[in-house]
There are 2 protein chains.
Amino acid sequence: MDSLRVGLVGFGTVGAGVAEILVNHKQRLAARSGKSIQLVRAAVRNPSKRESPLLQGVALSADGLDVARDPNVDVVLELIGGLEPARQIVRTALENGKHVVTANKALLCEHGEELFAAAKKAGRTIAFEAAVAGGVPIIHVLGQSMAANQITEIQAIINGTSNYILTEMFRNGASYGDAVRRAQEIGYAESDPSMDVQGTDAAQKLGLLTQLAYGTRVTPDRFLVQGIDTLELADLRYADMLGYAVKLVATAKLVAGRLEMHTQPTLVRKDDPLAKVEGANNVISLTGDILGETWFSGMGAGREATASAVVADVIDLAVGRAQLTFGHLDLWGNRPKFELQPAEEIVRRYYLRFNVEDKPHVMADLTDILGRNGISLSSVIQHESPEVEETSPGTTQTVPLVIMTHRTTEGRYRKAAAELDKLTCVRLPRVCLPVAG
Amino acid sequence: MDSLRVGLVGFGTVGAGVAEILVNHKQRLAARSGKSIQLVRAAVRNPSKRESPLLQGVALSADGLDVARDPNVDVVLELIGGLEPARQIVRTALENGKHVVTANKALLCEHGEELFAAAKKAGRTIAFEAAVAGGVPIIHVLGQSMAANQITEIQAIINGTSNYILTEMFRNGASYGDAVRRAQEIGYAESDPSMDVQGTDAAQKLGLLTQLAYGTRVTPDRFLVQGIDTLELADLRYADMLGYAVKLVATAKLVAGRLEMHTQPTLVRKDDPLAKVEGANNVISLTGDILGETWFSGMGAGREATASAVVADVIDLAVGRAQLTFGHLDLWGNRPKFELQPAEEIVRRYYLRFNVEDKPHVMADLTDILGRNGISLSSVIQHESPEVEETSPGTTQTVPLVIMTHRTTEGRYRKAAAELDKLTCVRLPRVCLPVAG
């Protein structure tokens, strides 16, 4: 039986998970790939981890470049994350005639064009199923299963950490801060959770999906990206009253031949499959021009889901399928690309929450501004203010005012918001969340 | 650019849908497959359909065997359904050196072993993504994406017609008969709906999935198959009260090294993703020993979903991927197969509904029989009987009695049921539905 020799760069959570599958399921992998898949080399930075029984008989070094240059290695698994030295390791591996499997969405989002071109030049393959939603084979689906279709819409919850935090807030009435701490305690959020909660991680993944589905490269700095870090429990409760759940939704859809993209906390109707995904799970909805809508859901990240996706790519390389897929992927613009729709022109409904002074004319002033900017209201929630027991003399009590608008453009809303900010009767926070659909 | 010449057998709903994609999206298919995909030959039985503009320039005949033997054809699409002459056409095509794409689950369920062997002998490929849940790329997922995993459980709603009927009954309070008529009116159910409503269609699909996931061929005559045709609206209502939805669920899971299989109307907890799938949609949940659980959902059948899956297979053949996958699929028992668990030994909870006479001791008699057979109760619903206004003298009024049991075996239930049938105070129908999980 032929063999496929694997070099592993990175022995963290995912790296160790991959090694475990490669070492403990040799027979299974051989039956499914037709090759003996052997872990022959690994770069492990932490000396204490080199003693792992999974690495017995494996040549070790501290530097990933050693693996990328090793003539005994056929496939390099880049599992260290981050931009450098990951970029250099992947380039070196390709230039040394090796295929690469990576779970690094940040790397592909930032340097994908360069690395895919290097792979093409070297006649080698980059496989990256694990880079987006490890538990959902979305890269396979976009590259193969939907091939008869032009994708017309992607709607996805692809940051498990944010979805866990939102679920925790809504289900247990936790504040944003408490929910983040809980996510950190159980290992869903890093000690610095900003990539997740600011929406960057989801936006990078959306960039990759967009490149596959639309042949168009769009980096997160070019579309609307907003995280869950400014949400309050109150917004989740009001949305619930109105029949919606709040989810961090990444969207890329064709509208009149242009690409509308955004990653934002979004109101999703409760009967929509996206609204029903709880905890750290991911869900991706794809609409094809022939097929209609299909949903995929599973664990987004974590050791097992990511390792399982990495090993599926290794098997695909052993079988030879990954090479064929990579050769036909629409990553180099061999079809008309789509222009990005300017954010100002995006048409949606909005959920707005204001803190307003509880006195006459406030509602009239506010709706006048919205109306003059062509924004009409579909519903309003303003509860009676509680009986004032103690207010300092001279202060005016504020009450929350929640408005759902009819469809309007982002540009109109921004213009109205600038005017609203000048009203003394409207206090911060001024919350604005788009509504899906 | 190389070309791939396609011969179409069958020009019904799906066949015409496939022709439409092949003819109207030539450029798209060429970009994604690297080949010019040409519809060169078709077998169309209905003479009036031969005038279709989609068939202009296509050599036509009435007999599918002509297509299977045509030396100008590289790939035969078998889209006529049924066992014969489909079997003969597929065999002939393979023996004449052509690849085959089929959407025919009945054919593969019945004659798959013979046909796969014939394909292997001829060095050709049978691709069949469209045979199970056209809108869900489940064959790809099982054959590729989950390759690092041993599947441990499949749970699926894979008969769109039945799910539509159940949704119609529950949402609109329709009787079973009215819901079937409604499904027929809008084209979801055939004039003879028995394959769908008796569970046969779902069981055949489960057989195919089982062969892929477990390397074990099991035909529907060897496991529990029960349709939705004996369900009453009352059962859906009682299940709802108890916190469950009733769905036609196809299950194949590993239990202590043996394969537990059944396709039955099943109580599914309302918060389970399976419970939330409505209308003609399909959902498939796969659990892998590494990955955990993943869900896939989309249109199960219909012209577009099936045609889209057929064309994805054609593209895979043009790229060469389908051939590699077929060569590695676990269809010929090159790994240990699993034994089927005898139905009597399957352990589940049950929902039971009886019509019982409204008189003393009935409950005691009934629970005594269950108890002596080792079946303990977890909950009971018995509403007060309505005030009797008019009953013929001498008749005793009956009232419904609903029982949820704790976990027990199918064998114990059957033994108890045989005893219950002898009680004069228990009248038909005696309903028994398993509970998932």
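Note that residues are indexed from 1 along each chain, following the sequence as it is written. Each chain is given a letter, starting from A, and each ligand a number, starting from 1, according to the order in which they appear as written. Note on the predicted model: pLDDT of at least 70 is required for a residue's local features to be given, and 80 or more for side-chain atom pairs to be given and counted; whole-chain, interface and lining totals, by contrast, use all residues. Hydrogen atoms and water are omitted, and side-chain values are computed over all heavy atoms in the structure.

Further remarks concern the packing of helix α5 (residues 105-122) of chain A against helix α10 (residues 200-214) of chain A. All names here are of chain A. Their axes nearest at 9 Å, the elements α5 and α10 cross at an angle of 55°. Comparing their axes, α10 and α5 come out oblique. Handedness of the α5/α10 crossing: left-handed. Taken together, the residues of α10 that come into contact with α5 (itself represented by Lys 105, Ala 106, Leu 108 and Cys 109) are Asp 201, Gln 204, Lys 205 and Leu 208. Residues are grouped as follows: Ala, Val, Leu, Ile, Met, Phe, Trp, Tyr, Cys and Pro are nonpolar; Asp, Glu, Lys and Arg are charged; every other residue, Gly included, is polar. Considered class by class, the residues forming the contact of α5 with α10 number 4 nonpolar, 1 polar and 3 charged. Only the stretch in contact is used when fitting a helix axis, every axis being a line fitted to C-alpha atoms; angles between N-to-C directions are given from 0 to 180 degrees. Helix and strand labels come from DSSP, where a helix needs a run of H or I of at least four residues and a strand needs a run of E of at least two; each type is numbered from the N terminus. The cut-offs work like this: below 35 degrees is roughly parallel, past 145 is roughly antiparallel, 65 to 115 is roughly perpendicular, and the gaps in between are oblique. Definitions for this section: a left-handed crossing has its near helix turned counterclockwise from the far helix by less than a right angle. A right-handed crossing has that turn clockwise. Here a residue-residue contact requires only that any non-hydrogen atoms of the pair lie within 4.5 Å.

Residues and elements named next belong to chain B. Relative to each other, helix α1 (residues 13-24) and helix α12 (residues 303-319) sit at 55°, their axes nearing to 8 Å. Relative to α12, the element α1 lies oblique. Crossing geometry of α1 relative to α12 is assigned as right-handed. Where α1 approaches α12, its residues Thr 13, Val 14, Ala 16, Gly 17, Val 18, Glu 20, Ile 21 and Leu 22 are matched on the opposing element by Arg 303, Thr 306, Ala 307, Ser 308, Val 310 and Val 311.

In this section: the packing of aromatic side chains. All names here are of chain A. Stacked, tilted and edge-to-face pairs are distinguished by plane angle, under 30 degrees for stacked and over 60 for edge-to-face with tilted covering the rest, among Phe, Tyr and Trp rings (Trp via its six-membered ring) whose centres lie within 6.5 Å. All chains considered together, the criterion is met by 11 aromatic pairs over all chains. Considering the side-chain rings of Phe 116 and Phe 128, the 5.6 Å spacing of their centres and the 45° angle between planes classify their relative orientation as tilted. Here Phe 116, found in helix α5, pairs with Phe 128, found in the loop between β6 (126-127) and α6 (138-145); they are 12 residues apart in sequence, far enough to count as distant. Like Phe 128, Phe 116 is buried. An aromatic cluster of at least three residues, connected via ring pairs, comprises Phe 116, Phe 128 and Phe 326. Under the scheme applied here, a residue whose accessible area is under 20% of the maximum for its type counts as buried, over 50% as exposed, and between as partly exposed, the area being computed with a 1.4 Å probe on protein chains only.

Another point: the sheet that holds strand β5 (residues 99-102) of chain A. Residue and element names in this part refer to chain A. Following DSSP output, two strands are said to pair if at least two bridges run between them. On the basis of which strands lie adjacent, the open sheet formed by 6 strands has the order β3-β2-β1-β4-β5-β6 and parallel pairing. The sheet terminates laterally at β3 (59-61) and β6, the two strands that pair on one side only. Pairing of strand β1 (residues 3-9) with strand β2 (residues 36-43), which is carried by 7 bridges, proceeds in the parallel orientation. From the neighbouring strand, Leu 8 faces β2, where its bridge partner is Ala 42.

The next point concerns the environment of Leu 8 of chain A. All names here are of chain A. Mapped onto the elements of the fold, Leu 8 is located in strand β1. Distance in space between the C-alpha atoms of Leu 8 and Leu 39 is 7.5 Å, their sequence separation being 31 residues. In this structure Leu 8 touches Gly 15, Val 18, Ala 19, Leu 39, Arg 41, Ala 42, Ala 43, Val 67, Leu 77 and Leu 79, once residues within four positions along its chain are discounted.

A word on the sheet that holds strand β5 (residues 99-102) of chain B. Strand order in the open sheet formed by 6 strands is β3-β2-β1-β4-β5-β6 (chain B), with parallel pairing between adjacent strands. Across the chains shown, the open sheet's two edge strands, defined by having one partner strand only, are β3 (59-61) and β6 (126-127) of chain B.

Looking at where Glu 410 of chain A falls in the secondary structure, it is placed in helix α15 (residues 410-420). Sequence-distant contacts of Glu 410 of chain A, defined by excluding residues within four places in its chain, comprise Leu 224, Ala 343, Glu 344, Ile 346, Arg 348 and Tyr 350 of chain A.

Taken together, the contact between chain B and chain A spans 46 residues of the former and 46 residues of the latter. Throughout, buried area stands for the accessible area (probe radius 1.4 Å) lost by two parts on being put together, summed over both. Interface of chain B and chain A: buried area, both sides summed, is about 3900 Å²; carbon and sulfur atoms make up 54% of it. For this document, the term salt bridge refers to a Lys or Arg side-chain nitrogen within 4 Å of an Asp or Glu carboxyl oxygen. On the surface where chain B and chain A come into contact, there are 2 salt bridges. Residues Asp 289 of chain A and Arg 28 of chain B are paired through a salt bridge, measuring 2.6 Å at the closest nitrogen-oxygen approach. Any N or O atom pair separated by 3.5 Å or less is treated as a polar contact, with the protein-specific requirement of one donor-capable and one acceptor-capable atom, and with residues adjacent in sequence counted only for side-chain atom pairs. In this structure, the connection of chain B to chain A is made through 25 residue pairs in polar contact (both at pLDDT 80 or more). At 8 residues, the largest contribution of residues to the side of chain B that touches chain A is made by α12 of chain B.

Least squares is the method for superposing the copies, and the C-alpha atoms it fits come from residues with pLDDT of at least 70 in both. The operation relating chain B to chain A is a screw motion whose rotation component is 180°, with 0.0 Å of axial translation and a residual RMSD of 0.0 Å. Both copies are brought into coincidence by an operation consistent with a two-fold rotation axis. The position closest to the rotation axis in chain B is occupied by the C-alpha of Phe 296 of chain B, lying 2.3 Å away. Taken as a fraction of all interface residues of chain B, those also at the interface in chain A reach 100%, which identifies the copy contact as same-surface.

Moving on, we come to the domain arrangement of chain A. Residues and elements named next belong to chain A. Throughout, the edges of the domains are those of an automatic or database domain assignment. The domain architecture assigned to chain A consists of domain 1 (3-134 + 304-328), domain 2 (138-298) and domain 3 (346-435). Inter-centroid distance (C-alpha atoms) of domain 2 to domain 3 is 26 Å. Across the domain 2 to domain 3 interface the summed buried area is about 1500 Å²; carbon plus sulfur atoms make up 64%. Ranking the residues of domain 2 by area buried against domain 3 places Tyr 238, Leu 242 and Leu 267 at the top, with a combined share of 36%. Summed over the shared surface of domain 2 and domain 3, the number is 2 salt bridges. With a closest N to O distance of 3.5 Å, Glu 232 and Arg 353 form a salt bridge. At the level of elements, α11 (233-241), β9 (244-255) and β10 (258-269) are the ones that each hand at least two residues to the side of domain 2 that touches domain 3. Counting residues per element, the side of domain 2 that touches domain 3 draws most heavily on β10, at 7 residues. Each residue belonging to the side of domain 2 that touches domain 3 can be placed in one class, and the counts come to 12 nonpolar, 4 polar and 3 charged.

Now for the UniProt feature "binding site: NADP(+)" (unreviewed entry) in chain A. All names here are of chain A. Using the residue numbers shown here, the UniProt feature "binding site: NADP(+)" (unreviewed entry) corresponds to Val 9, Gly 10, Phe 11, Gly 12, Thr 13, Val 14, Gly 15 and Ala 16. Considering the arrangement of structural elements, one finds Phe 11 in the loop between β1 and α1 (13-24). Classification of Phe 11 as buried rests on a relative accessible area of 9%. Residue contacts for Phe 11: discarding those within four places in its chain leaves Ala 16, Ala 19, Ala 43, Val 44, Lys 49, Ser 52, Leu 54 and Leu 55. UniProt positions are given in the numbering used here, feature names are shortened, and annotations may be inferred rather than shown by experiment.

Attention now moves to the UniProt feature "binding site: NADPH" (unreviewed entry) in chain A. Residue and element names in this part refer to chain A. UniProt records the feature "binding site: NADPH" (unreviewed entry) for Lys 105 in the present numbering. Tracing the backbone through its elements, the reader meets Lys 105 in helix α5. Not counting residues up to four positions away in its chain, the partners in contact with Lys 105 are Ala 131, Asp 201, Gln 204, Lys 205 and Leu 208.

Residue and element names in this part refer to chain B. Among the residues of helix α11 (residues 233-241), Asp 235, Leu 236, Tyr 238 and Ala 239 are the ones counted as buried. Buried residues of α11, viewed axially, fall in a sector of 165°; they line one side. Phi turns positive, to about 95°, at Gly 243, one or two residues after α11. When we speak of the arc, we mean the arc of directions from the helix axis to the C-beta atoms.

Residue and element names in this part refer to chain A. Tracing the backbone through its elements, the reader meets Gly 173 in the loop between α7 (160-172) and α8 (176-185). Gly 173 gets classed as partly exposed once you look at its relative accessible area, which sits at 33%. On a C-alpha basis, the gap between Gly 173 and Ser 52 in space is 42 Å, while along the polypeptide they are 121 residues apart. Each residue touching Gly 173, except ones within four places of it in the same chain, is listed here: Glu 168, Leu 233 and Arg 237.

Attention now goes to helix α5 (residues 105-122) of chain B. Side chains that are three or four residues apart share a direction in an α-helix, a result of its 3.6 residues per turn. All names here are of chain B. Here the expected span of a helix is defined as 1.5 Å times the quantity of residues minus one. With 18 residues, α5 extends just 22 Å between its outermost C-alpha atoms, more than 12% less than the 26 Å of an ideal straight helix rising 1.5 Å per residue. Note that bend, as reported per residue, equals the angle between axes fitted to the 7 residues terminating at that residue and the 7 residues originating from it. His 111 marks the point of greatest bend in α5, at about 85°. Those residues of α5 hidden inside the fold are in contact with β4 (75-78), α4 (86-95), β5, β6, α10 (200-214) and α13 (321-328). One or two positions beyond α5, positive phi appears at Gly 123, with a value near 65°.

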